[in-house]
Amino acid sequence: MDRATELSLIERLLGAWESGTSPLPDDESRIPVEAYRSTERFDAERRALFRKLPVIVAHASELAAAGDFVTHDALGVPLVVARGTDGKLQAFLNVCRHRGARLADAPSGNKKAFVCGYHGWTYGLDGGLIHKPHPEGFPRDCDRNLVPVPVEERAGFVWVVPTARASIDVGAFLGPLASELEGFGLARDVAFRTVHVKRRFQWKLIVDAFLDGYHIKRLHRDSVYRFFLDNVNLADAFPPHVRSVVARKGIESARTTPREQWSFRSVLSLTYFLFPNTVLVFHPDWVSRITLFPISVDETLFTHTMIVPADADTDDRRAHWDKTWRLIHENVFEREDMVAAEWIQSGLDSGANESFTCGRFEAPIRWFHDAVEKAIAP
């Protein structure tokens, strides 16, 4: 993000704080409860959102060296992504071309080649078949390489479209946000810690939570609310994505500080929602990458990666990272945001509500659901 955009966001947030309001839609809106309950709709979302669109599967630092690989199954398709000896990333269906066995089984690692544990067929990092035992048993031409899927490295992350013979253009997908995200230099940072949490809630419920600054005072009163002002936030739509900022208490001193000295990440919390399922939260000195993978209509895999500056990934800083991880992940995300999503999930089938209400300052939730509707429309 360039400095002019940073200053503009601070000024707008200051104006919202001082005036006691921010630009709001004319009216509240409704979201049908069936949007969270319907299995038919869930299947349509999986097909339209999680098979056709670019989705983040790793941070670039997790595939830093030649031979580094990660496997990924949360999109419902077995994938393996590897960095070749030429430094380029390749992604494939993690399926042997002989009898269909899973090829790479570990979550991550480093290999010179992929060897199938069933019959020993061997593939290079570029996916090419380089060896099959007893080739005389296969008189026909069966030199079948691994099936590639589109992959791209952009803004420090690894994106895939988990469909063979599809295409990928992350820059076009992100639009104006592409240059903003590149400007943070996240490619120079490192993934310090990643966890995967499986919980019983519909995947869109947790997206709703990250698009909602209205709940901070109540839900997070015992964790991070002490750092923030109540319901002072702004959001901008970059369809289908959203950028939002929430005022930290440090913004109160901005009016008495020269404009050129304003410290962006000390006066506000910046969040990007990257459609369909990734949230980037910029804390004062690190970044959360949350990616949500729907397992079923009422179960979700919550993946959280802590991204820190490479020069701060040191033993003497570990205590600090561990402490702030406990605050954000274990307290805010697991014990508050996820619990709230489970509260809602437990009542979806009760009949108490036919629809949920989005207040005027919850408009980003409306934008998200409109984007889903557009994506799954026939």
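Now for a look at the structure at hand.

## Looking at the pattern of salt bridges
- Applying the stated rule across the entire model yields 24 salt bridges.
- The partner of Arg3 in a salt bridge is Glu6, with the nearest N and O atoms 3.0 Å apart. Of the two residues, Arg3 and Glu6 are both situated in helix H1 (residues 3-19); the distance of three residues between them amounts to about one turn of the helix.
- Given the relative accessible area of 15%, Glu6 is considered buried.

## Points about the nonpolar core
- In this structure, Val81, Leu270, Tyr272, Leu274 and Phe302 are the most contacted members of the largest nonpolar core, which totals 108 residues.
- Ignoring sequence-local partners within four residues, the contact set of Phe302 consists of Val195, His196, Val197, Ile206, Phe210, Ile290, Thr291, Leu292, His329, Phe333 and Met338.
- Listed in part, the 16 residues of the second largest apolar core include Phe69, Ala101, Leu129 and Leu146.

## Structural notes on the sheet that holds strand E11 (residues 151-154)
- Strand order in this open sheet of three strands is E2-E12-E11, and the pairing throughout is antiparallel. A single partner strand is all that each edge strand has here, and the edge strands are strand E2 (55-59) and E11. Averaged over all neighbouring strand pairs, the angle between strand axes comes to 30°, with direction disregarded.
- By the bridge criterion, four bridges tie E11 to strand E12 (residues 157-160) in an arrangement that is antiparallel.

## Side note on the packing of aromatic side chains
- Taken as a whole and assessed by the stated rule, the structure comprises 14 aromatic pairs.
- Plain terms: the ring middles of Trp121 and Phe138 are 5.3 Å apart, the flat faces sit at 85° to each other, and that makes the pair edge-to-face. Here Trp121 is found in the loop between strand E7 (113-115) and strand E8 (122-124), whereas its partner Phe138 is found in the loop between strand E9 (129-131) and strand E10 (148-149), with 17 residues between them in sequence.
- Trp121 gets classed as buried once you look at its relative accessible area, which sits at 2%.
- Aromatic pair Tyr272 and Phe282: ring centres 5.9 Å apart, planes at 70°, arrangement edge-to-face. Within this pair, whereas Tyr272 is found in strand E16 (residues 268-274), its partner Phe282 is found in strand E17 (residues 278-282), the two being separated by ten residues in sequence.
- With relative accessibility at 1%, the residue Phe282 sits in the buried group.
- Three or more aromatic residues joined by ring pairs form one cluster here, namely Phe50, Trp203, Phe273, Phe275 and Phe368.

Conventions and cut-offs
- Residues numbered from 1 in each chain as written.
- Predicted model: local features only at pLDDT ≥ 70, side-chain atom pairs only at ≥ 80, totals over all residues.
- Heavy atoms only, no water.
- Salt bridge = Lys/Arg side-chain N within 4 Å of Asp/Glu carboxyl O.
- Helix = DSSP H or I, 4+ residues; strand = E, 2+ residues; numbered from the N terminus.
- Buried < 20%, exposed > 50% of the residue type's maximum accessible area, 1.4 Å probe, protein only.
- Core = buried A, V, L, I, M, F, W, Y, C linked by side-chain atoms within 4.5 Å.
- Contact = heavy atoms within 4.5 Å.
- Pairing = 2+ DSSP bridges.
- Axes fitted to C-alpha atoms, helices over the stretch in contact; angles between N-to-C directions.
- Phe/Tyr/Trp six-rings, centres within 6.5 Å; stacked < 30°, edge-to-face > 60°.

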